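Observations on chain architecture
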Amino acid sequence: QVQLVESGGGLVQAGGSLRLSCAASGRTFVRYAMGWFRQAPGKEREFVAGISWNGGRTYYGDSVKGRFTISRDNALNTIYLQMNSLKPEDTAVYYCAVDESRGIPSVDVREYDYWGQGTQVTVSS
């Protein structure tokens with residue numbers, strides 16, 4: 001059974017940093033793109049960052065460019081999201097996801113096949 005488990009969320013002050021992790025189990029995803037999305041209350045789920053199967057290409061949503069960094073360790077079947085200079089508007093539940101159909105990540109939430117349960121990130125002002 002495929003399982004994605006996020007960790008690393010929490011409460012942080014504005015300007016602070018957090019590092020999220022997403023560990024995959026049940027099968028290997030080393031050939032597939034993976035991504036991070038987030039969803040704030042009352043808002044649609046939005047693309048945050050994506051990474052190609054080998055980590056060679058990364059993509060970011062406009063609101064996080066220059067502040068967040070996505071990376072992956074295929075040996076551990078894990079991806080990460082380093083979040084710096086956090087802002088109150090970054091407050092959301094953060095989800096990791098796998099797109100089995102391609103090696104380059106899509107920004108479209110509908111393209112992803114497996115999702116984690118999410119981890120809450122709260123940034124206080």
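Before reading on, note that the structure itself is shown above.
Let me begin by describing the structure that accompanies this report. (Residues numbered from 1 in each chain as written. Predicted model: local features only at pLDDT ≥ 70, side-chain atom pairs only at ≥ 80, totals over all residues. Heavy atoms only, no water.)

**Thoughts on the overall build of the chain**
- Broken down by element type, the chain carries zero helices and 11 strands.
- Reading the helices (α) and strands (β) of the chain from amino to carboxyl end gives β-β-β-β-β-β-β-β-β-β-β.
- Taken over the C-alpha trace, the chain has a radius of gyration of 13 Å; the compact-globule value for 125 residues is 14 Å, and the two agree within 12%.
- For the C-alpha atoms alone, the extent of the chain along its principal axes is close to 40 × 30 × 25 Å.
- Counted over contacts in the chain with a minimum sequence separation of 6, partners at least 24 positions apart contribute 59%.
- Counting only carbon and sulfur atoms, one obtains 46% of the accessible surface of the chain, whose full area is about 6,400 Å².
- When the 13 positive and 12 negative side-chain charges of the chain are each reduced to one mean point, those points stand 4 Å apart. (Helix = DSSP H or I, 4+ residues; strand = E, 2+ residues; numbered from the N terminus. Rg over C-alpha atoms; globule rule 2.2 N^0.38 Å. Contact = heavy atoms within 4.5 Å. Areas by Shrake-Rupley, 256 points an atom, 1.4 Å probe, with all protein chains shown as cover. Lys, Arg positive; Asp, Glu negative; His and termini not counted. Charge placed at Lys NZ, Arg CZ, Asp CG, Glu CD.)

**Points about the pattern of salt bridges**
- The tally for this structure, following the rule as stated, stands at eight salt bridges.
- As a salt-bridge pair, D90 and R38 come within 2.9 Å of each other at their nearest N and O atoms. In this pair, D90 sits in the loop between β8 (78-83) and β9 (92-99) while R38 sits in strand β4 (residues 33-39), placing the two residues 52 residues apart along the sequence.
- Across the pair R102 and E111 runs a salt bridge whose closest N-O atoms are separated by 2.7 Å.
- In this structure E111 comes out as partly exposed when scored by relative accessible area, which is 28%.
- Through salt bridges that share partners, R38, E46, R67 and D90 make up one connected network. (Salt bridge = Lys/Arg side-chain N within 4 Å of Asp/Glu carboxyl O. Buried < 20%, exposed > 50% of the residue type's maximum accessible area, 1.4 Å probe, protein only.)

**Looking at unusual backbone geometry**
- The phi dihedral of N77 falls on the positive side, at around 55°, and the residue is not glycine.
- With respect to the helices, strands and loops of the structure, N77 is situated in the loop between β7 (68-73) and β8.
- On the basis of relative accessible area, N77 is assigned to the buried category, the value being 13%.
- Phi is positive for S85, which is not a glycine, with a value near 50°.
- Here S85 shows up in the loop between β8 and β9.

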